[in-house]
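Take a look at the letters that make up each chain.
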Amino acid sequence: TISLNGNQVLKASRRLLKIFPLVEVMPLQGGNPVFTVERRMSWLKPAYVFTFGQNQYELTTVSWWKRHYQVHLGKDIFDIYGHRGRKVSVFLNNKQVAWFDSAAVTFFAGDEYNIHADGSVSVDWMIAIALFWDSWYNRSGNKSMINIKFGAIIQKQPFDKSWIPS
């Protein structure tokens, strides 16, 4: 389940019998997906398609080595930057709008993410970006008794510790 301010609002499920992961995010009560995140075939770098209704948006890699990705939404551009450790920043048109991180240790569960975002940015898009990140960088789907994540050591730009959502 996906919670917003402590309240469960959506659920995500991975569609079975697919060669590449397809995550569908739906209302808690079921029905049609609000959006999907689908991995596509690629060599060494992520290839994902985000589907919101009839609209599809592709993730492009700016720098795989430095973990910098983009999603173009018409004239708007999301830039996604991975930082040292487990932090990720999201920019919309060169202005930071969110960041998220994952728990270093989880018990008997999959990964947990905390997203901090401006009130004006789409919650669905922030969830979709976090799901892409989880799908690409935590592909094992490990739900062991104890799961430990160390994070990365290379980054394109340093994490801005002073940024807070508006």
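Computed from a prediction, not measured in an experiment: that's the story for all the values here. (Residues numbered from 1 in each chain as written. Predicted model: local features only at pLDDT ≥ 70, side-chain atom pairs only at ≥ 80, totals over all residues. Heavy atoms only, no water.)

Undergrad: Whenever I open this one, the packing of aromatic side chains confuses me. Can you help?
TA: To describe a pair of aromatic rings, you give the distance between the ring centres and the angle between the ring planes. As enumerated under the stated definition, the model contains 16 aromatic pairs in all. Here the aromatic rings of Trp 64 and Trp 65 are separated by 6.5 Å at their centres, their planes lie at 45 degrees, and the arrangement is tilted. Three or more aromatic residues link up through ring pairs in this structure, and these residues are Phe 35, Phe 50, Phe 52, Tyr 57, Phe 78 and Trp 125. Over the aromatic face of Tyr 137 sits the side chain of Arg 67, whose NZ or CZ is 5.4 Å from the ring centroid. Seen from the ring of Phe 159, Lys 87 lies directly overhead, with NZ or CZ sitting 5.5 Å from the centre. (Phe/Tyr/Trp six-rings, centres within 6.5 Å; stacked < 30°, edge-to-face > 60°. Lys NZ or Arg CZ within 6 Å of the ring centre and 35° of its normal.)

Undergrad: Sorry, what's going on with the nonpolar core here?
TA: A general trend in soluble globular proteins is that nonpolar side chains are found buried together. Phe 50, Val 71, Phe 78, Ile 80, Trp 125 and Phe 132 are the most contacted members of the largest nonpolar core, which totals 32 residues. In terms of residues, this core owes the most to one element, helix α1 (residues 123–137), which gives ten residues. Sequence-distant contacts of Val 71, that is, excluding residues within four places in its chain, are made with Phe 50, Tyr 57, Glu 58, Leu 59, Asp 76, Ile 77, Phe 78, Ile 80 and Trp 125. (Core = buried A, V, L, I, M, F, W, Y, C linked by side-chain atoms within 4.5 Å. Buried < 20%, exposed > 50% of the residue type's maximum accessible area, 1.4 Å probe, protein only. Helix = DSSP H or I, 4+ residues; strand = E, 2+ residues; numbered from the N terminus. Contact = heavy atoms within 4.5 Å.)

Undergrad: Just checking my understanding: could you explain the pattern of salt bridges for this structure?
TA: Working definition: two side chains of opposite charge can pair if their charged atoms are close together. On inspection of all chains with the given rule, the structure shows two salt bridges. The residue Arg 40 makes a salt bridge to Glu 38 at a minimum N-O spacing of 3.6 Å. For Arg 40, a relative accessible area of 35% gives the class partly exposed. Note that Lys 95 is salt-bridged to Asp 118, the shortest N-O span being 3.4 Å. Taken together, the residues span a long stretch of sequence, with Lys 95 in strand β10 (residues 95–102) and Asp 118 in the loop between β12 (113–117) and α1 at a distance of 23 residues. (Salt bridge = Lys/Arg side-chain N within 4 Å of Asp/Glu carboxyl O.)

Undergrad: How should I be thinking about the pairing of β10 in this particular structure?
TA: A regular strand places its side chains on the two faces of the sheet in alternate fashion. Of all eight residues in β10, seven are buried, a share of seventy percent or more. Examined bridge by bridge, strand β9 (residues 87–92) and β10 share six bridges and lie antiparallel to one another. If you follow Phe 91 over to β10, its bridge partner there is Gln 96. What sits between β9 and β10 in their antiparallel hairpin is a turn of two residues, with Asn 93 showing a positive phi close to 55 degrees. (Pairing = 2+ DSSP bridges.)

Undergrad: For this particular structure, what's the right way to read the sheet that holds strand β7 (residues 68–73)?
TA: Across a sheet, strands are paired by hydrogen bonds formed along the backbone, either parallel or antiparallel in direction. Reading across the sheet, the eleven strands line up as β1-β2-β3-β4-β5-β6-β7-β8-β9-β10-β12 and stay open at both edges, with antiparallel pairing between neighbours. Since the sheet does not close on itself, it has two edges, and those belong to β1 (2–4) and β12, each with one partner. The mean angle between the axes of side-by-side strands here comes to 20 degrees, regardless of whether they run parallel or antiparallel. (Axes fitted to C-alpha atoms, helices over the stretch in contact; angles between N-to-C directions.)

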